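# Structure assessment
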Amino acid sequence: MPTSFLEIVELPDGRIELRRAEDEGSLVTLDFSEDAKVFLQGQHVEVAKAMLSVGVQMAGRLVEGDFDKEEGPRILH
């Protein structure tokens with residue numbers, strides 16, 4: 001993926017989207033349930049920013065070949 005500026009946008013329907021600044025297409029969309037928003041005490045946008053930031057960092061490490069792939073079954077928590 002070419003290098004470009006990324007932006008995090010909260011959509012009118014409450015979903016949070018990561019996209020290229022020069023494009024309207026979504027790269028990643030996060031949709032928190034109402035229960036999650038209540039649990040996060042309205043801080044779901046801050047949580048989304050943190051989640052997307054870590055995801056972009058990991059994607060960069062993958063592209064640079066600086067990420068160890070684990071062998072065997074994967075457990076997602």
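So, here is what we can say about the structure in this document. (Residues numbered from 1 in each chain as written. Predicted model: local features only at pLDDT ≥ 70, side-chain atom pairs only at ≥ 80, totals over all residues. Heavy atoms only, no water.)

Attention now goes to the pattern of salt bridges. As enumerated under the stated definition, the model contains six salt bridges in all. In this structure, R19 engages E24 in a salt bridge whose closest nitrogen and oxygen atoms are separated by 3.3 Å. The exposed category is assigned to E24, whose relative accessible area is 63%. The salt bridge partner of E34 is K37, with a shortest N-O separation of 3.6 Å. (Salt bridge = Lys/Arg side-chain N within 4 Å of Asp/Glu carboxyl O. Buried < 20%, exposed > 50% of the residue type's maximum accessible area, 1.4 Å probe, protein only.)

Another aspect to go through is unusual backbone geometry. Excluding glycine, most residues fall at negative phi; most peptide bonds, likewise, are trans. One non-glycine residue, Q41, adopts positive backbone phi at about 55°. In this structure, Q41 sits in the loop between α1 (34–39) and α2 (44–63). (Helix = DSSP H or I, 4+ residues; strand = E, 2+ residues; numbered from the N terminus.)

Next up on the list: the pairing of strand β3 (residues 26–30). One ladder, built from four bridges, connects strand β2 (residues 16–20) with β3; its direction is antiparallel. Opposite I16, over in β3, you have L30 as the bridge partner. The antiparallel pairing of β2 with β3 creates a hairpin that spans five residues between the two strands. (Pairing = 2+ DSSP bridges.)

In this structure, A21 sits in the loop between β2 and β3. The exposure class assigned to A21 is partly exposed, which follows from its relative accessible area of 40%. Linking A21 and E7, residues 14 residues apart in sequence, is a C-alpha distance of 5.6 Å. Setting aside its immediate chain neighbours within four residues, A21 contacts F5, L6 and E7. (Contact = heavy atoms within 4.5 Å.)

The next subject is the sheet that holds β3. Taken together, the three strands give an open sheet; going across it, the order is β1-β2-β3, and neighbouring strands pair in antiparallel fashion. The open sheet terminates on both sides in strands that have one partner only, identified here as β1 (6–10) and β3. For this sheet, the mean inter-axis angle between neighbouring strands, taken without regard to orientation, is 20°. Across the sheet, α2 is in contact with β1, β2 and β3; its angle to β2 comes to roughly 40°. (Axes fitted to C-alpha atoms, helices over the stretch in contact; angles between N-to-C directions.)

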